[in-house]
Structure formats: structure tokens, C-alpha cells
Protein chains: 2
Amino acid sequence: MTSPAVSSRALPHPEHDEIRLEDVLHALSEPMRLRIVRELAAASGELSCSHFDLPVTKSTTTHHFRVLRESGVIRQVYRGTAKMNGLRRDDLEELFPGLLDALLDAAGRQAGRLAP
Amino acid sequence: MTSPAVSSRALPHPEHDEIRLEDVLHALSEPMRLRIVRELAAASGELSCSHFDLPVTKSTTTHHFRVLRESGVIRQVYRGTAKMNGLRRDDLEELFPGLLDALLDAAGRQAGRLAP
DNA sequence: CGACTCGTACGATAGGCATCGTAGTACGGT
DNA sequence: ACCGTACTACGATGCCTATCGTACGAGTCG
């Protein structure tokens, strides 16, 4: 009943200085992925993939999480059968100060504007 | 030799409240377009399309400018044979405060980091 | 072991998009 | 009227990607 250990299954992440702005923007330009990132930011912790209830199949969900990971936006790690996801806040903040907050704020404003 | 008047040729732009964050991010996730926007921001005025010396053909350049315009990032207007381009700073700032500056800063940092 | 859950891999499909070349339009100057 | 410049329109091409379904692997719990 102890929380499951981190599995040894490898998940390739870009290093801190391999993160590219274009990739980050491309990752976040997809509504589904932007939504994931917003939820992740709101949770301010790690969330399992299955926590998200997205209007797409599991295959597609896996795809979107991979894009987010490979662009450097999130960090993923296996914990038992679950795969936990967390925002790479520190890396992004150091590379692009203020960007993530501005993006989240922008997304929040637009959401409020479009669905009052 | 007075400066040519604005032509009546129509160029469809999204209205202020038709601008979508996803479209803006998608537009800026393309290196060529991000570069255009950075030059435009640095010039802090209007620039003609032909001012830009991009490593693609003119067809492709036209395409990129159209994407930027249709996403609401820039405003285009004909002035004689030239087509002038300007950043929609005010609209973007009102919709997404701080976002454009954060993006430009991020792009600048990355450029400095990758080409020292 | 066996069943169940979570997530992956792979192939297929359909649509989007960056790019080019060529042919054409709009405008300004001579 | 003519020419040159600036940009566009259109079609083609090849790549990328969002989506799905099915079959499979890894881990947990009984």
C-alpha cells in the first residue's frame, strides 16, 4: 500500500537547453493540449493521464501527452501502472521568464470571454 | 511624390474579439513567422513585405504573411504597390496582457542563447 | 496464476500545411 | 501606352499530424 515506486521504463525528455520556443508554442497551439496544460497548472502537482476526461480516445490522449513531453512542457514519469504528469515550470521559467504565466493568463481570459 | 494612399483592395482581418489564442500560438510556432514578428516588433512601425529577406520564395512569404494576418497578429494594408505590415500590439495587449512581450522576450533569449 | 487497469505501439486515414513554380493583377512612373 | 515592381492566385507535391481501432506490455490486486 505504499505509493508505487517510479518504474524504470524510460521516457525521453528534452534537456533543459534543448527546449525550443517553437516547439513549445506548437504544442500549446492545440486546444486539447492547451486544456491539459491548464488543468495541470491549476492542479499544481502531478496528475495521472487517466485523470483527464478528454473527448478523444486513449490513443489520441497518449499522443498529445507525448507531444507535450517532447516539447519540454511537461515531465512524465511512471508510477506503477499510472503515468504522472507535471508541468516543467522551473525549466520554462528559467528559459522564458514570464511566458508560461502569460500564456496561462491568456488562456484563462479567453476561456472566460468565450464561455461566460 | 506624396506617399501613396491606402488602396481599396480588401484584406480580411479578424475582428478584435475574433482573435483566438490557439491561432496566435500556431502562427508564431513557425520559425519564419516568428522571425517576421520579431523584425516587426524591432522596427516599431510598418514594414513592407519586400523589406524582409527570407530564405523562401515570394509565394511562401505571401503565405506566411497571410497566416499572421488571419490569426490577428499583424495588420496589413496596401499602400500603392507595397503592402505594409504592422503588429496589432494594442489588440493583443488588451486580449492577452503581457503575452506579446513575453513571447518576444523569449524569442530574443533563445536567439541569443543559440547564436552566441 | 489470472483478471483487471493503465497506457503503448502500430497501421490506417484524412486533413492540414510549408514549399515551390508559373501565370496573372494592381499600381506607379516614364 | 508601356514597363517594371510588388504581390497574388492556383495547382502540385511531399510532409506532418490528429484521429481512430486493435492488439499488446507492464503493473497491481486477489
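Residues numbered from 1 in each chain as written. Chains lettered and ligands numbered in written order. Predicted model: local features only at pLDDT ≥ 70, side-chain atom pairs only at ≥ 80, totals over all residues. Heavy atoms only, no water.

An unreviewed UniProt entry lists chain A under the name ArsR family transcriptional regulator, from Streptomyces purpurascens.

**Structural notes on the relation of the copies chain A and chain B**
For the pair chain A and chain B, the superposition axis carries a translation of 0.0 Å, the fit reaches an RMSD of 0.0 Å, and the rotation angle comes to 180°. Taken together, these values place the two copies in the relation of a two-fold axis. Of the interface residues in chain A, 100% have counterparts in chain B that sit at the interface too, so the contact is made through matching surfaces. (Least-squares fit on C-alpha atoms with pLDDT ≥ 70 in both. Contact = heavy atoms within 4.5 Å.)

**Section: the side chain of Arg-69 of chain A**
All names here are of chain A. For Arg-69, the location among the structural elements is in helix α3 (residues 58-70). It turns out Arg-69 is buried and unbridged, and the closest side chain with the opposite charge, Glu-70, is 4.5 Å from it. Sequence-distant contacts of Arg-69, that is, excluding residues within four places in its chain, are made with Leu-11, Pro-12, His-13, Pro-14, Ile-74 and Gln-76. (Helix = DSSP H or I, 4+ residues; strand = E, 2+ residues; numbered from the N terminus. Buried < 20%, exposed > 50% of the residue type's maximum accessible area, 1.4 Å probe, protein only. Lys, Arg positive; Asp, Glu negative; His and termini not counted. Salt bridge = Lys/Arg side-chain N within 4 Å of Asp/Glu carboxyl O.)

**So, the nonpolar core**
Inside soluble globular proteins, nonpolar side chains tend to come together where they are buried. Counting 62 residues, the largest nonpolar core has Leu-28, Val-73 and Leu-99 of chain A together with Leu-28, Val-73 and Leu-99 of chain B as the members making the most contacts within it. For Val-73 of chain B, the contacting residues outside a window of four places in its chain are Val-24, Ala-27, Leu-28, Val-37, Leu-68, Gly-86, Leu-87, Arg-88 and Leu-92 of chain B. (Core = buried A, V, L, I, M, F, W, Y, C linked by side-chain atoms within 4.5 Å.)

**Remarks on the sheet that holds strand β1 (residues 47-48) of chain A**
Residue and element names in this part refer to chain A. Taken in spatial order, the three strands line up as β1-β3-β2 in an open sheet, and their pairing is antiparallel. Where the open sheet ends on each side, the last strands, each with one partner, are β1 and β2 (74-79). The sheet contact formed by β1 and strand β3 (residues 82-87) spans two bridges and is antiparallel. Residue Leu-47 lies in a different strand from β3, and its bridge partner there is Asn-85. Packed onto the sheet, helix α2 (residues 31-43) meets β1, β2 and β3 and runs at close to 80° relative to β3. (Pairing = 2+ DSSP bridges. Axes fitted to C-alpha atoms, helices over the stretch in contact; angles between N-to-C directions.)

**Brief notes about the protein's contact with DNA strand C**
Every one of the 26 residues lining DNA strand C counts as a neighbour, but Lys-58, Thr-62 and Lys-83 of chain A together with His-63 and His-64 of chain B are closest to it. In the interface set of DNA strand C, defined as its atoms within 4 Å of the protein, sugar plus phosphate atoms amount to 74%. Ser-59 of chain A has a polar side-chain atom sitting 3.4 Å from a base nitrogen of DNA strand C. One nitrogen or oxygen atom from the side chain of His-64 of chain B is found 2.3 Å from a phosphate oxygen belonging to DNA strand C. Residue classes in the surface near DNA strand C are distributed as seven nonpolar, 13 polar and six charged. (Near = heavy atom within 4 Å. Polar contact = N/O pair within 3.5 Å; in protein donor to acceptor, adjacent residues only side chain to side chain. Nonpolar A, V, L, I, M, F, W, Y, C, P; charged D, E, K, R; others polar.)

**Remarks on the pairing of strand β3 (residues 82-87) of chain B**
All names here are of chain B. Of all six residues that make up β3, five are buried, and the element is covered over most of its length. Here strand β2 (residues 74-79) runs beside β3; their pairing, made up of six bridges, is antiparallel. Note that in β3 the partner of Tyr-78 across the bridge is Lys-83. Counted between consecutive antiparallel strands, the loop separating β2 from β3 contains two residues, among which Gly-80 sits at a positive phi close to 70°.

**What about the interface of chain A and chain B?**
Counting from both sides, the interface comprises 25 residues of chain A and, opposite them, 25 residues of chain B. Roughly 2100 Å² of surface becomes buried between chain A and chain B when both sides are summed, with 67% attributable to carbon and sulfur atoms. Sorting the residues of chain A by area buried against chain B places Glu-22, Leu-25 and Arg-113 of chain A first, and these three jointly supply 23% of that buried surface. Summed over the shared surface of chain A and chain B, the result is zero salt bridges. The interface formed by chain A and chain B includes eight residue pairs in polar contact (both at pLDDT 80 or more). When residues of the side of chain A that touches chain B are traced back to their parent elements, those giving at least two are α1 (21-28), α2 and α5 (99-114) of chain A. Sorting elements by how many residues they give to the side of chain A that touches chain B places α5 of chain A first, with 10 residues. (Buried area = accessible area lost by both parts, 1.4 Å probe.)

**With respect to the sheet that holds β3 of chain B**
All names here are of chain B. Strand order in this open sheet of three strands is β1-β3-β2, and the pairing throughout is antiparallel. The open sheet has two free edges, formed respectively by β1 (47-48) and β2, since each of these has just one partner strand. Packing of helix α3 (residues 58-70) onto the sheet brings it into contact with β2 and β3, and relative to β2 it is tilted by some 120°.

**A closer look at the environment of Ala-115 of chain B**
Residue and element names in this part refer to chain B. Within the element layout of this structure, Ala-115 appears in the segment after α5 (99-114). What makes Ala-115 exposed here is its relative accessible area of 58%. When the C-alpha positions of Ala-115 and Gly-86 are compared, they lie 27 Å apart, and in sequence the two are 29 residues distant.

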